[in-house]
Amino acid sequence: MGSPIVVPDAPAAAVIGGGFIGPVHVEALRRIGVEVVGLLGSTPDRAAATARRIGVSRVYRDLDELLADDRVGVVHIASPNAQHFDQARKSLEAGRHVVCEKPLAITGSQTGTLRDLAGSCPTQAAAVNYNIRYYPLCREIRARIADNEIGRVLSVTGSYVQDWLLYPDDYNWRVEPDGGTNLRAVADIGTHWMDLAQYLVGEPIASVNADLATFHPRRMRPVGGSETFLSSIGRARLAEEIEVTTEDHAAVLLRFRGGIRGVFHVSQVMAGRKNSLTMEIAGSEGSFAWESESPDRLWIGSRHGPNQLLSRDPALLRPAAASSSHYPGGHVEGFPDTFKQLFLDVYGWIVEGRSTGDTATFPTFIDGDRELRLCEAIARSASEGRWVEVG
Ligand code: SOE
């Protein structure tokens, strides 16, 4: 395994967001040798508690103070979705590179503005954390489809299901309408699935037909908020009942450019499924099936011979997949490793690629904008009960 695991001379980073994913960014950045110089949280006190827990020395009072810190070269945004637009815009305008959690923002208008702003500063990285692209076997699927191994792609189907919002007293900021598309499961995990599907087959989704459901029209909101994946089980807390309009479940029909058909299901109320993305791709000569909770296994379907089960082993992978696989076969690479690989891609471009005008190989604000256009089409389709073209 010769690919680098650190980025020499990488700029330092600051992270916005001390919930579930912010610390995941910090941990992955340290693995590639990037210094994390400060944290901005929802309040200074909550940020200070998180900073102590994850060993970050400085806590900022607000975004202005973060951007006044000259040590900060890259801003990682892992705050609630409605804050992304302002934080990403100000960070780019302050000359920083940006790695923003998905979804990039809450409306297509906001993501269009960010896409254009990023385009006007081509030496600044503007990435969106579609980390699932970086599972080695996802890159293997993409490479094999590009090599025409399964022939013409006919359909892409699958799901992304979780159970952390199963009960009416499970709560998270995502449950509340965001003032944009007002989508929850689709914007949060559906965009992962759609980005991955388009990345694997190399074609954009052209139109959608969606059905959404809110199974808990009322939920108990704990006084003082709650974090992602933080279960309510066994914890009696002061709570108030609120109305809920965001979806627990979505089923979406897809038509890709070029004729590929698809369908996906997202749910955050699927008991026992903790964070499971499935992807099945049918081709005229074969098929692939992959599941994120067993990421080192790739099922390869055939009609003219035995089916195969490929266990991730860099020695058996295409170069594009092997380069993002740092551990030998049998040493499972998982969720945290995908953040490391995406950040290696971004920081490697910052240190080497941008000066030569290399186009980004990581998911950019262009991809983030496409995902919001998809969310807006899904929201409109569900509301009007018809197929909707993606803007
Ligand atoms: C919650 O659904 C969540 O943390 C998502 O926001 C992440 O993007 C996903 O990777 C794991 O689950």
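Worth saying up front: this structure is predicted, and the values here are computed from it rather than measured. (Residues numbered from 1 in each chain as written. Predicted model: local features only at pLDDT ≥ 70, side-chain atom pairs only at ≥ 80, totals over all residues. Heavy atoms only, no water.)

**Student:** I'm lost on the overall build of the protein chain in this one. Help?
**Tutor:** What the protein chain contains, in helices and strands, is ten helices and 16 strands. Summarising its shape, the C-alpha atoms of the protein chain cover approximately 60 × 50 × 40 Å along the three principal directions. Here the protein chain, with 391 residues, has 55% of them falling under the buried criterion. When contacts within the protein chain are restricted to residue pairs at least 6 apart in sequence, long-range pairs at least 24 apart make up 72% of them. Across the protein chain, the centroid of the 40 positively charged side chains sits 1 Å from that of the 48 negatively charged ones. (Helix = DSSP H or I, 4+ residues; strand = E, 2+ residues; numbered from the N terminus. Buried < 20%, exposed > 50% of the residue type's maximum accessible area, 1.4 Å probe, protein only. Contact = heavy atoms within 4.5 Å. Lys, Arg positive; Asp, Glu negative; His and termini not counted. Charge placed at Lys NZ, Arg CZ, Asp CG, Glu CD.)

**Student:** Help me out: how do you make sense of the nonpolar core in this one?
**Tutor:** Within soluble globular proteins, side chains that are nonpolar generally end up buried alongside one another. Within the largest apolar cluster, 49 residues are counted, with the highest numbers of intra-cluster contacts made by V156, I281 and W290. Among the elements that make up this core, the one with the highest residue count is helix α7 (residues 185-201) (eleven residues). In contact with I281, other than residues within four places in its own chain, are I141, I145, I150, V153, S155, V156, L200, V201, G286, S287 and F288. (Core = buried A, V, L, I, M, F, W, Y, C linked by side-chain atoms within 4.5 Å.)

**Student:** Got a minute to help me understand the site of the ligand in this structure?
**Tutor:** Around the ligand there are 14 residues in total, and K102, Q162, R174, D188 and H192 lie nearest to it. The separation between an oxygen atom of the ligand and a polar side-chain atom of K102 is 2.9 Å. Within the side chain of H192, a nitrogen or oxygen atom sits 2.8 Å from an oxygen atom of the ligand. Bound to the protein, the ligand loses 98% of the 310 Å² it would expose on its own. Here the shell around the ligand gets three residues from one element, more than from any other, and that element is α7. Counted by class, the shell around the ligand contains six nonpolar, five polar and three charged residues. (Near = heavy atom within 4 Å. Polar contact = N/O pair within 3.5 Å; in protein donor to acceptor, adjacent residues only side chain to side chain. Areas by Shrake-Rupley, 256 points an atom, 1.4 Å probe, with all protein chains shown as cover. Nonpolar A, V, L, I, M, F, W, Y, C, P; charged D, E, K, R; others polar.)

**Student:** What is the right way to read the domain arrangement of the protein chain from this model?
**Tutor:** According to the domain assignment, the protein chain contains domain 1 (12-132 + 343-365) and domain 2 (134-328 + 372-389). A C-alpha centroid distance of 24 Å is found between domain 1 and domain 2. The largest per-residue losses of area from domain 1 upon contact with domain 2 belong to I106, Y130 and I132, which jointly make up 34% of the total buried on that side. Residue D188 pairs with K102 through a salt bridge whose shortest N-O separation is 2.9 Å. (Domains from an automatic or database assignment. Buried area = accessible area lost by both parts, 1.4 Å probe. Salt bridge = Lys/Arg side-chain N within 4 Å of Asp/Glu carboxyl O.)

**Student:** Please clarify how the sheet that holds strand β3 (residues 72-77) should be interpreted in this entry.
**Tutor:** The pairing of strands in a sheet happens through backbone hydrogen bonds and is either parallel or antiparallel. In spatial order, the strands read β2-β1-β3-β4-β5; together these five strands make up an open sheet with parallel pairing. Each end of this open sheet is capped by a strand with a single partner; those strands are β2 (36-40) and β5 (126-128). Here the strands of the sheet are splayed against their neighbours by 20° on average, with no regard to which way each runs. Pairing between strand β1 (residues 12-16) and β2: four bridges, direction parallel. Note that in β2 the partner of A13 across the bridge is V36. Helix-sheet contacts for helix α9 (residues 335-353) involve β1, β3, β4 (97-100) and β5, and the interaxial angle to β3 is about 150°. (Pairing = 2+ DSSP bridges. Axes fitted to C-alpha atoms, helices over the stretch in contact; angles between N-to-C directions.)

**Student:** How should the pairing of β2 be read in this particular structure?
**Tutor:** Every regular strand shows the same layout, with side chains that alternate between the two sheet faces. In terms of residue burial, β2 counts as a mostly covered element, since five of its five residues are buried. You can see the chain leave β1, run along helix α1 (residues 21-31) and come back into β2, and the turn it takes is right-handed. (Right-handed = clockwise from strand over helix to strand, strands pointing away.)

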